[in-house]
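Single-letter residue listing:
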Amino acid sequence: MGKLEGRVAVVTGAGQGIGLAVAKAYVAEGAKVAMVDKRPEIVDIAAELGEGFRGYVCDVSQRADVESLAHDVQLDLGPIGVLVNNAGITRPAMLWKMTDEQWDSVINVHLKGTWLCTQTVIPQMREAGWGRIINVTSSAGINGTIGQANYASAKGGILALTRSAARELAGFGIIVNAIAPAAATPMTEKIRTDERFVETYLERMMIKRWAEPEEIAPTFVFLASEDTSYMTGQVLSVDGGSVVVR
Ligand SMILES: NC(=O)c1ccc[n+]([C@@H]2O[C@H](COP(=O)([O-])OP(=O)(O)OC[C@H]3O[C@@H](n4cnc5c(N)ncnc54)[C@H](O)[C@@H]3O)[C@@H](O)[C@H]2O)c1
């Protein structure tokens, strides 16, 4: 029997990269997965993957989209037990050159999106007395970074949101943790291939390579499972040893 047998999971940003790998890993463990993305292709991507997958078009930064999503998933698949707040974008710029649009769009998708999706699924999880919320943060949110103060601020905010949600929701059987990953995905293509960044990023990693998204997915399975019944408000770095607590 799979670790997520009978669970309904929502994975945001599931059209590619880490979210896609997580959706596949969840279905392999017995879950039904609502694959959420702002790109309409998500419906076909899920349909092609077959049984256990269903695609939903939703911009996680828009309240009306997120409320419709929670309603539709409950009707189609059943009450949501697992939420993975994974959708993300980057809009790099040094902070003294950053525009309002660059700042707002990144904060809205990551931080507001994580808050909105969390708020919206709480009633379904409370009703069941069981829930797992997994937020995706980043080493940038822990250590800071150069050229992406918007992204680092959003990810740092997600850490604080994770801990606050964990405190508020523990009494309802809802467990909230975060992952700080590093993986070869479309999001990281530039820093993995542009000579100006390649060495800097690899230097930080104890394991001197980028992970495939499939290597990150098992930690998402763990955090969605019964195995985390006594663990909440934590962040796990699955990043080749980039973040080290000194
Ligand atoms: N890849 C890494 O090394 C790395 C490192 C640290 C953190 N992360 C985080 O992991 C998560 C996944 O990253 P990835 O590398 O797979 O990224 P990715 O760019 O490959 O995929 C992100 C997905 O999110 C979707 N998306 C973007 N905005 C959305 C919105 N408003 N609503 C719904 N969907 C939206 C995109 O369409 C895309 O399918 C992100 O939160 C990212 O910040 C990634």
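Bear in mind the structure is a predicted one, so any value in this text is a computation, not a measurement.

On the surface, M206, I207 and V244 cluster together to form a nonpolar patch covering roughly 300 Å² of accessible area. Looking at where I207 falls in the secondary structure, it is placed in the loop between α8 (195-204) and α9 (213-224). Judged by its relative accessible area of 47%, I207 is partly exposed.

Here we take up the site of the ligand. Taken together, 30 residues lie around the ligand, and D37, N86, Y151, A183 and T185 are the ones closest in. Here C58 contributes a backbone N or O atom positioned 3.4 Å from a nitrogen atom of the ligand. Within the contact set of the ligand, an oxygen atom lies 2.6 Å away from a side-chain nitrogen or oxygen of Y151. At the level of secondary structure, the elements contributing two or more residues to the shell around the ligand comprise α1 (17-28), α4 (100-128) and α6 (149-169).

Per the UniProt entry, the sites bearing "domain: Ketoreductase" (unreviewed entry) are residues 7-185 in this numbering. Its end C-alpha atoms 27 Å apart, residues 7-185 is made of 50% helix and 19% strand.

This part takes up the pattern of salt bridges. Counting across every chain of the model gives 10 salt bridges. D227 is paired through a salt bridge with K3; the nearest N and O atoms lie 2.6 Å apart. Of this pair, D227 sits in the loop between α9 and β7 (235-238) while K3 is found in the segment before β1 (8-12), placing the two residues 224 residues apart along the sequence. The partly exposed category is assigned to K3, whose relative accessible area is 46%. E226 is the partner of R7 in a salt bridge, and the nearest nitrogen-oxygen pair spans 3.1 Å. Here the residue R7 occupies a position in the segment before β1, and E226 occupies one in the loop between α9 and β7, the gap between them amounting to 219 residues. Owing to a relative accessible area of 44%, E226 belongs among the partly exposed residues under this scheme. Through salt bridges with shared partners, a single network forms among R7, R132 and E226.

Our focus in this paragraph is the packing of aromatic side chains. In total, this model carries 1 aromatic pair according to the counting rule given. Where Y201 meets W210, the ring centres are 6.1 Å apart and the plane angle is 35 degrees; that geometry is what we call tilted. Take Y201 and W210: they sit in the same class, and that class is buried. The ring centre of Y201 lies 4.7 Å from the NZ or CZ of R204, which sits over that ring.

Conventions adopted
Residues numbered from 1 in each chain as written. Predicted model: local features only at pLDDT ≥ 70, side-chain atom pairs only at ≥ 80, totals over all residues. Heavy atoms only, no water. Patch = residues over 30% accessible without salt bridge, like charges linked within 9 Å, V, L, I, M, F, W, Y side chains within 5 Å. Areas by Shrake-Rupley, 256 points an atom, 1.4 Å probe, with all protein chains shown as cover. Salt bridge = Lys/Arg side-chain N within 4 Å of Asp/Glu carboxyl O. Helix = DSSP H or I, 4+ residues; strand = E, 2+ residues; numbered from the N terminus. Buried < 20%, exposed > 50% of the residue type's maximum accessible area, 1.4 Å probe, protein only. Near = heavy atom within 4 Å. Polar contact = N/O pair within 3.5 Å; in protein donor to acceptor, adjacent residues only side chain to side chain. UniProt positions renumbered as here; feature names shortened; annotations may be inferred. Phe/Tyr/Trp six-rings, centres within 6.5 Å; stacked < 30°, edge-to-face > 60°. Lys NZ or Arg CZ within 6 Å of the ring centre and 35° of its normal.

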